[in-house]
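Residue strings, one per chain:
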Amino acid sequence: MPPASLTPRRTRIAAAFAASLITITAGTAAAADSKPRIAVFSGPTSTIQNNKPLITSNKARAQYGLPLLTDAWGKTQTDWPRYQRLAAPVTVYVEQFSAHPLEADVAELYAPPDGYVNTAGKFSKTRGGADDKPVYAVTLKPEDGLYALPYMGRQANGKAWDDTFAFPGAPFAQSRQTFVPDGSRIFAEIERDGGGIEARADYDFYRAVPSGGYTKGLAAAKRSDTGEGDIAPEKLGRDFFSYGPYSASQIRPMLAREANIVQRVLASGKYAGAIWLEGSPTVEDSAYWLSLLIDTQLPISANSAHRNRGLVSADGDSNILDSIDYINSKVWADEQGRNRLGTVMVQDEIIYSAREVEKGDAHPGAYVATGGYGGIFGSMTAGAYLTNIPTRKHTWKSELRISQLPASQSGWLKTKAGKVEAVTVTIKNAAGELLPQAIPKVAMLKGDNWYDDSGVPDPSAEKGIVATIDMLLGEYPLAGIVGEGLAPYSSMSASQDKALELAVLQGLPVVKTARGDASGLVKVNPRNLFIEGNNLTTTKARLLLTAALMKFGPLPRVLDVAHPTAEELVAIREKLGLYQEVFQTH
């Protein structure tokens, strides 16, 4: 075979395009020993794993003498069947030609029915009268999986379920969860809906930072996720994180758990890639965090949804299918088979960079690429296809990946006597995993013009910034600040900038970003004492600074913030150079 450089251009393009696509049909499934296996991670507040509340059906209401569900005009509503499991086999009779209005138009093309059902509901192999309906006889079995059936559940007091809670204002203990505990259930439903998900790959499900939890615990034999042992009773806000009437936002130490689980699973050698599922407002940040921290050459694709499962045209299912196809396509792979894109978000048939993707609005198609210089790697509409490859460092090339972080780092901490002392912060345990208590605290501030009281900068007037500095030094050995200023210069008011300079002189690195979705790169200014945030959004800059603090530690402190020496400023700028290099390249 001639070298690639001598291959005709048309042939090379055709070969590259063919290699980038995987077409899966009923007759071309991969051999069992080469079927890919994908790790699916459940993240917090995940609409893509959320359901509309289970509402007692009119079948149950009629059976138990409860008021029927009606519309505003008094018309009885049609039951919404929900996926459930049969407890025993049952034979049902399905009316022939009822799957489509025009089936009967070509009745001559069909085999005869299995029999007929008369007006009394009795089945017979032969037609007994003109009113008999031709039917198919089918036996449904528990092992078939999920079937859509009327929801018959009622409350313990005999009342119907009309919402997720037993009554308006009920405490969490008297409510049902709508988020599933791991992704296995939604994958099973996608398969039942005709998604063909099982033909694409095999899957293992991990509860990384899940949205739903087992408040009573769960025996190991009943687990649907991949894990060992019983699940201990879980608590909302500590073990799982949801939104809605019983909301609990994910907590900062869980960043360690998220990274550790994904790192451990992808290092096992079992998987072709990973899918991360999370709520639409926050998945953009988790995806970037994984791109910075996870040391893997495998693809990671994040998904979210803007519509709950059960709403008309729920968008999450197709996003998951696209992520599976993206992983299988290998468009992410370089010549050595390594992931060249880092973590991506495959959403609404677009392949976004985790670094640049941002939620713009709460409807499908509302994600945008920030920063003004790329952010979209390709499309899934006509199969996985790349149009851009990033130059930023990520995953196995990231200088902040877990394997490159030190086991411990120095930090600053103010004592009760008011003296700031050097302390040692343990970053990783003996197994090389991040410790939750090691995750730095990074505060965010916003600045503007037309803000100061006078033309003379007065950092003491910025009592909020002063209090933030005092809080960070008094409670968090590794800490920093991100200040969002004007676009694209990142400048804040003169008083704010002076106050933030005092933070730097006390050892706290400060990143300056441009407000909103700025399309300009913040110019590096070697004369100031700040880290310029490039074209990162403020929340992404916060995550990058969080990771960088574990790598580089705090800045050197000066003895007298009012009179820093030239030597002290040189030392600070040398350390800032390490941070700035990371912000320019990640």
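This report concerns the structure included in the present document. None of the values given here were measured: they were computed from a predicted structure.

## A short note on the overall build of the chain
Phase 1: Regarding its fold elements, the chain presents eleven helices and 22 strands.
Phase 2: Summarising its shape, the C-alpha atoms of the chain cover approximately 105 × 75 × 50 Å along the three principal directions.
Phase 3: A buried classification covers 47% of the 586 residues belonging to the chain.
Phase 4: Within the chain, counting contacts between residues at least 6 apart in sequence, those at least 24 apart form 71% of the total.
Phase 5: Total accessible area on the chain is roughly 28,600 Å²; 55% of this is exposed by carbon and sulfur atoms.
Phase 6: Computed over 61 positive and 62 negative side-chain charges, the inter-centroid distance for the chain is 3 Å.

## Some points on the packing of aromatic side chains
Phase 1: Summed over all chains, the structure comprises twelve aromatic pairs.
Phase 2: Their ring planes at 80° and their centres at 6.2 Å tell us that Y206 and Y271 sit as a pair that is edge-to-face. Remark: Y271 occurs in the loop between α5 (254-266) and β9 (273-277) and Y206 occurs in strand β8 (residues 202-206); sequence separation between them is 65 residues. Comparing Y206 with Y271, the two get one shared label, buried.
Phase 3: Pairwise contacts between aromatic rings join F41, Y206, Y271 and W276 into one cluster.
Phase 4: A cation over a ring is seen here: R557 above W412, with NZ or CZ 5.9 Å from the ring centre.

## Considerations on the sheet that holds strand β6 (residues 133-140)
Phase 1: Here we have four strands laid out as an open sheet, ordered β3-β6-β4-β5, and antiparallel in their pairing. The open sheet has two edge strands with one neighbour each: β3 (90-95) and β5 (123-124).

## So, the packing of helix α6 (residues 283-293) against helix α10 (residues 538-552)
Phase 1: At their nearest, the axes of α6 and α10 sit 10 Å apart, and the two run at 30° to each other. Considering the angle they form, α6 stands roughly parallel to α10. Two packed elements cross with a definite hand, and for α6 against α10 that hand is right-handed. Side by side, α6 and α10 meet where E284, D285, Y288, W289, L292 and L293 of the first sit next to T539, K540, L543, L544, T546, A547 and M550 of the second.
Phase 2: Of the residues that constitute the contact of α6 with α10, the class distribution is eight nonpolar, two polar and three charged.

## Notes on the sheet that holds β9
Phase 1: Taken together, eight strands build an open sheet; the order of strands is β8-β1-β9-β10-β11-β12-β15-β16 and the sheet is mixed. The two strands at the open ends of the sheet, each matched to only one other strand, are β8 and β16 (385-386).
Phase 2: Lying over the sheet, helix α7 (residues 316-329) contacts β1 (37-42), β8, β9, β10 (300-303), β11 (343-347) and β12 (350-353), oriented at roughly 160° with respect to β9.

## Examining the environment of L292
Phase 1: Within the secondary structure, L292 is located in helix α6.
Phase 2: The class for L292 is buried, based on a relative accessible area of 1%.
Phase 3: Through-space distance from the C-alpha of L292 to that of K397 is 8.9 Å; in sequence the pair is 105 residues apart.
Phase 4: Once you skip the residues sitting within four places of it in the chain, L292 turns out to touch S398, L400, R401, L543, L544 and H586.

## A short note on the packing of α10 against helix α11 (residues 566-585)
Phase 1: Taken N-terminus to C-terminus, the directions of α10 and α11 make an angle of 135°; their axes are 10 Å apart at the nearest point. The pairing of α10 with α11 is recorded here as oblique in orientation. Crossing of α10 over α11 shows right-handed handedness. In this structure, α10 uses A541, L544, L545, A548, L549 and F552 to contact α11, whose residues at the interface are K575, L578, Y579, V582 and F583.
Phase 2: Residue composition of the contact of α10 with α11, by class: ten nonpolar, no polar and one charged.

## Quick notes on the nonpolar core
Phase 1: Counting 84 residues, the largest nonpolar core has F41, W289, L293 and L434 as the members making the most contacts within it.
Phase 2: Sort the elements by how many residues they give to this core and α10 lands first, with nine residues.
Phase 3: Not counting residues within four places of it along the chain, the set of residues in contact with W289 comprises L255, E258, A259, I439, L543, T546, A547 and M550.
Phase 4: Counting 30 residues, the second largest nonpolar core, distinct from the first, contains V180, I327, V331 and A384.

## What about the pairing of β8?
Phase 1: Most of β8 sits out of view: four of its five residues are buried.
Phase 2: Alignment of β1 against β8, held across five bridges, turns out to be parallel. Counterpart to I38 in the pairing with β8 is Y203.

## Things to note about α7
Phase 1: Spanning 14 residues, α7 covers 20 Å between terminal C-alpha atoms, matching the ideal 20 Å at 1.5 Å per step.
Phase 2: Counted residue by residue, α7 has twelve buried out of 14 residues, so it is predominantly covered.
Phase 3: Within α7, the full set of buried residues consists of G316, D317, N319, I320, L321, D322, S323, I324, Y326, I327, N328 and S329.
Phase 4: K330, located one to two residues past α7, shows a positive phi value of around 65°.

## A closer look at the pattern of salt bridges
Phase 1: Taken as a whole and assessed by the stated rule, the structure comprises 22 salt bridges.
Phase 2: When the shortest N-O distance is used, the salt bridge between D325 and R200 registers 2.9 Å. With D325 in helix α7 and R200 in helix α4 (residues 197-200), this residue pair connects regions lying 125 residues apart in the sequence.
Phase 3: Assessed through its relative accessible area of 22%, D325 is described here as partly exposed.

## Examining the side chain of D204
Phase 1: With respect to the element layout, D204 can be found in strand β8.
Phase 2: Taking relative accessible area as the criterion, D204 reaches 12% and is therefore assigned buried.
Phase 3: In terms of polar contacts, D204 uses its side chain to reach the side chain of Y271, at 2.6 Å.
Phase 4: Ignoring anything within four residues of it in the chain, the contact list for D204 reads R37, I38, A39, V40, T226, K270 and Y271.

## Side note on the environment of S124
Phase 1: Inspection of the secondary structure puts S124 in strand β5.
Phase 2: Judged by relative accessible area, S124 falls into the partly exposed class, the value being 30%.
Phase 3: Sequence-wise, S124 and P134 are ten residues apart; in three dimensions their C-alpha atoms are separated by 9.7 Å.
Phase 4: Sequence-distant contacts of S124, that is, excluding residues within four places in its chain, are made with G115 and Y116.
Phase 5: Within the structure, S124 has its side chain in polar contact with the backbone oxygen of T126 (distance 3.1 Å).

## Brief notes about the environment of R515
Phase 1: You can see R515 is positioned in the loop between β21 (510-514) and β22 (531-532).
Phase 2: You can call R515 partly exposed: its relative accessible area is 37%.
Phase 3: Taking the C-alpha atoms as reference, R515 lies 5.6 Å from G485; in sequence the two are 30 residues apart.
Phase 4: If sequence neighbours within four positions are ignored, R515 has contacts with K446, D448, E484, G485, L486 and A487.
Phase 5: One polar contact links R515 to D448, side chain to side chain, over a distance of 3.3 Å.

Reading the values: rules and limits
Residues numbered from 1 in each chain as written. Predicted model: local features only at pLDDT ≥ 70, side-chain atom pairs only at ≥ 80, totals over all residues. Heavy atoms only, no water. Helix = DSSP H or I, 4+ residues; strand = E, 2+ residues; numbered from the N terminus. Buried < 20%, exposed > 50% of the residue type's maximum accessible area, 1.4 Å probe, protein only. Contact = heavy atoms within 4.5 Å. Areas by Shrake-Rupley, 256 points an atom, 1.4 Å probe, with all protein chains shown as cover. Lys, Arg positive; Asp, Glu negative; His and termini not counted. Charge placed at Lys NZ, Arg CZ, Asp CG, Glu CD. Phe/Tyr/Trp six-rings, centres within 6.5 Å; stacked < 30°, edge-to-face > 60°. Lys NZ or Arg CZ within 6 Å of the ring centre and 35° of its normal. Pairing = 2+ DSSP bridges. Axes fitted to C-alpha atoms, helices over the stretch in contact; angles between N-to-C directions. Parallel < 35°, antiparallel > 145°, perpendicular 65-115°, else oblique. Left-handed = near helix turned anticlockwise from the far one by under 90°. Nonpolar A, V, L, I, M, F, W, Y, C, P; charged D, E, K, R; others polar. Core = buried A, V, L, I, M, F, W, Y, C linked by side-chain atoms within 4.5 Å. Expected span 1.5 Å × (residues − 1). Salt bridge = Lys/Arg side-chain N within 4 Å of Asp/Glu carboxyl O. Polar contact = N/O pair within 3.5 Å; in protein donor to acceptor, adjacent residues only side chain to side chain.

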